[in-house]
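These are the residues of each chain, in order.
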Amino acid sequence: MRLSTASLPQLPADIARPRYERGAQAAGIVHFGIGAFHRAHQAWYTDRAMAAGDRDWAITGVSLRSANVARQMNPQDGLYTLTECSAAGNETVVIGSVGRVLVASEEPEAVIAALAAPETRIVTFTITEKGYCRAADGSLEPFLAHHGSVYAFLEQGLRRRRNADLPGLTLLSCDNLADNGRQLQRLMAEYLARHDPELGAWVAAHCAFPCSMVDRIVPATTAADRKTVAAATGLEDQGAVMTEPFSQWVIEDKFAGPRPAWEAVGAQLVSDVAPYEAAKLRMLNGAHSALAYLGLEHGHAFVHEAVADPAIRPLIERLMRVEAQPTIAAAPGQDLDAYAEALLARFANPALQHRLIQIAMDGSQKIPQRWLETLAANQAEGRHCPAILSALAAWMRHVRGDNAVNWGPVDDPMAVRLADLWREEGPGGMPRALFGEHGLFAATWRASAGDFESLAEHLGQRV
């Protein structure tokens, strides 16, 4: 039997389930990018807020292209299980905050109507770095953003709100981008400047774009995970999510209207997200990417295997403590030493089964904020970053296809362009093609002569 509203009574008594009347909740949130990460985080916080007494914050999920999540969740009435995995064992709960999932490519009118609905007050995003349709210099790439992007749907939904004299929306990015709220605001403004400047002025006056930082490790769910959940619950769950016990959500307290009481269930509402965001991007995400590319080269499949490798762990510790940490202006009470220690313990969690190849995807979209910004900050202070340079060389070998035999083809929106550069430049010219004065990533960081020498050495070349 499959998980659904009708089958909830069949759950074992020790499996927690929604403590509110789901059918009575209006949909106050539209979420773009309803993958496992969102379901383990924002949907989890919202479920707990409604269980604590908040009302009318049900989530309408939107997948921009793939129908996979809709097929998983709609037959289950939006219900799914969340399992926290640790060495001490697993704990599973049923989450009820998602009402339905729309597939934008198949039902665009329903997505626009959800954005324009009077009950909707907040739109959240986990569309990954590539979903923001940025060019190499960070500006909006018009071709990518023109059709089927999140901007096109927002434009139409927000126009209907304006025309109906409805309030503006809070547009809350939860993606791994530095200053993510400001980036979304700037990119949306660029899009509307091209398509509807008058609407752009209305959005600037009536909508809010808070920054946020999300921290919870969420591996891709496997068939084995679903069997584990079925054994624990007695029900089949195609939308099951596996995650770690740790969770953190830091949100800039800047909303255009009402919001759930997320702070009552563990979220942090602050005036400045930047220190938390920088620590997460440069320490956690930076270390994760390094573990991915170095670990795959060493034949490891999972994060906990890579961090236990004595050839890799010292580089990860140095990256976090010596190279990333000094570039972060910590907020009052933010203990970065303790954060680094906690990250190492989280990485070592053997129950999580976090695949390195999952982290390695879309590297071209991730390394600017995870590594290159750290390199630039250290360069300005005259400091060197051998650990990040080692990881950067491993990423370069990865996009050349060195790991393809064992781990499959490169999964990156710039895979073809990077492969072409490798063929044109070879190992001797590739570092400058990427990080030289006119390099692909020069807008974020330009390598010094010493950096080029180090990268060349890692690639087996002489400068």
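Residues numbered from 1 in each chain as written. Predicted model: local features only at pLDDT ≥ 70, side-chain atom pairs only at ≥ 80, totals over all residues. Heavy atoms only, no water.

1. Here's the deal with the side chain of Ser63
Among the secondary structure elements, Ser63 is positioned in strand E2 (residues 58–63). Apart from residues lying up to four places away in sequence, Ser63 is in contact with Ile34, Val69, Val101, Leu102, Val103 and Ala104. (Helix = DSSP H or I, 4+ residues; strand = E, 2+ residues; numbered from the N terminus. Contact = heavy atoms within 4.5 Å.)

2. Some words on the environment of Glu84
With respect to the element layout, Glu84 can be found in strand E3 (residues 80–86). Separated by 267 residues in sequence, Glu84 and Ala351 have C-alpha atoms that sit 9.4 Å apart.

3. Observations regarding the packing of aromatic side chains
The geometry of an aromatic ring pair is captured by the separation of the ring centres together with the interplanar angle, meaning the angle of the planes. Scanning the entire structure with this criterion turns up 10 aromatic pairs. Measuring from centroid to centroid gives 4.6 Å for Trp249 and Trp262, while their planes differ by 50 degrees, and the two rings are tilted. Placement of the pair is Trp249 in strand E10 (residues 248–252) and Trp262 in the loop between E10 and strand E11 (268–270), with a sequence separation of 13 residues. The burial state of Trp249 is the same as that of Trp262; both residues are buried. One aromatic cluster in this structure is built from Trp44, Tyr45, Trp249, Phe255 and Trp262. Just above the ring of Trp44 sits the side chain of Arg216; from NZ or CZ to the centre is 4.3 Å. (Phe/Tyr/Trp six-rings, centres within 6.5 Å; stacked < 30°, edge-to-face > 60°. Buried < 20%, exposed > 50% of the residue type's maximum accessible area, 1.4 Å probe, protein only. Lys NZ or Arg CZ within 6 Å of the ring centre and 35° of its normal.)

4. What about the pattern of salt bridges?
Taken as a whole and judged by the stated rule, the model has 19 salt bridges. Note that Arg159 is salt-bridged to Asp196, the shortest N-O span being 3.0 Å. Taken together, the positions of Arg159 in helix H6 (residues 150–163) and Asp196 in the loop between helix H7 (180–195) and helix H8 (197–206) put the pair 37 residues apart, joining distant regions of the chain. Asp196 gets classed as buried once you look at its relative accessible area, which sits at 13%. Where Arg321 meets Glu341, a salt bridge forms, and the shortest distance between an N and an O atom there is 2.5 Å. With Arg321 in helix H12 (residues 313–324) and Glu341 in helix H13 (residues 336–347), the pair connects residues that are 20 residues apart, well separated along the chain. (Salt bridge = Lys/Arg side-chain N within 4 Å of Asp/Glu carboxyl O.)

5. Section: the packing of H7 against H8
It is at 6 Å that the axes of H7 and H8 come closest, and there the two elements cross at 150 degrees. Judged by the inter-axis angle, H7 sits roughly antiparallel to H8. Here Leu192, Ala193 and His195 of H7 come into contact with H8, specifically with Pro197, Leu199, Gly200 and Val203. The residue inventory of the contact of H7 with H8, partitioned by class, reads 5 nonpolar, 2 polar and no charged. (Axes fitted to C-alpha atoms, helices over the stretch in contact; angles between N-to-C directions. Parallel < 35°, antiparallel > 145°, perpendicular 65-115°, else oblique. Nonpolar A, V, L, I, M, F, W, Y, C, P; charged D, E, K, R; others polar.)

6. Some words on the sheet that holds strand E9 (residues 241–243)
Spatially, the 3 strands line up as an open sheet ordered E4-E3-E9, and their pairing is mixed. The open sheet has two free edges, formed respectively by strand E4 (89–95) and E9, since each of these has just one partner strand. Strand after strand, the sheet turns through a mean of 20 degrees between neighbouring axes, direction not considered. Relative to E4, E3 is paired through 7 bridges, and the arrangement is antiparallel. Across the sheet, residue Glu84 finds its bridge partner in E4, namely Glu91. Where helix H2 (residues 42–51) meets the sheet, its contacts fall on E3 and E4, and the angle it forms with E3 comes to roughly 110 degrees. Against the sheet, helix H9 (residues 223–233) contacts E3, E4 and E9, and its axis sits at roughly 100 degrees relative to E3. (Pairing = 2+ DSSP bridges.)

7. Focus on the packing of H6 against H8
Close contact between H6 and H8 brings their axes to 10 Å; oriented N to C, the two are set at 75 degrees. Taken as axis vectors, H6 and H8 run roughly perpendicular relative to one another. For the pair H6 and H8, the contacting residues are Glu155, Leu158, Arg159, Arg161 and Arg162 in the first and Glu198, Leu199, Trp202 and Val203 in the second. In the contact of H6 with H8, the residues fall into 4 nonpolar, no polar and 5 charged.

8. Quick look at the state of the cysteines
Going through the model one piece at a time under the given rule, you end up with 0 disulfides. Free cysteine: Cys174, not disulfide-bonded; nearest cysteine sulfur from Cys211 at 11 Å. Take Cys174: its relative accessible area is 2%, and that puts it in the buried class. (Disulfide = S-S within 2.5 Å.)

9. Describing the sheet that holds strand E8 (residues 212–215)
The 3 strands lie next to each other as E8-E10-E11, forming an open sheet whose pairing is mixed. Edge positions in the open sheet fall to E8 and E11, since each of these has one partner strand only. Geometrically, the sheet is characterised by an average inter-axis angle of 15 degrees between neighbouring strands, direction not taken into account. Two strands pair when backbone bridges link them, and E8 and E10 are joined in this way by 4 bridges, in the antiparallel orientation. Its bridge partner lying in E10, Val214 is registered against Trp249.

10. Considerations on empty space enclosed by the protein
Per the counting criterion, the structure on display carries 2 cavities of 30 Å³ or more. Taken as a whole, the largest cavity holds about 50 Å³ of empty space. As for the largest cavity, its lining consists of Cys174, Asp175, Asn176, Asn180, Ser212, Met213, Val214, Glu277, Lys280 and Leu281. If you list the elements that add at least two residues to the lining of the largest cavity, you get E8 and helix H10 (274–297). Of the residues contributing to the lining of the largest cavity, the split by class is 4 nonpolar, 3 polar and 3 charged. The volume enclosed by the second largest cavity comes to roughly 40 Å³. (1 Å grid on protein atoms, 1.4 Å probe; cavity = no way out; pocket = protein on both sides within 12 Å on 5 of 7 lines; lining within 4 Å. Points joined across faces, edges and corners; volume = space filled by probe spheres on them.)

11. Brief notes about helix H16 (residues 386–400)
The terminal C-alpha atoms of H16, which comprises 15 residues, lie 21 Å apart, in line with the 21 Å expected from a rise of 1.5 Å per residue. Of all 15 residues that make up H16, 13 are buried, and the element is covered over most of its length. Phi for Gly401, located one or two positions after H16, is positive at around 105 degrees. (Expected span 1.5 Å × (residues − 1).)

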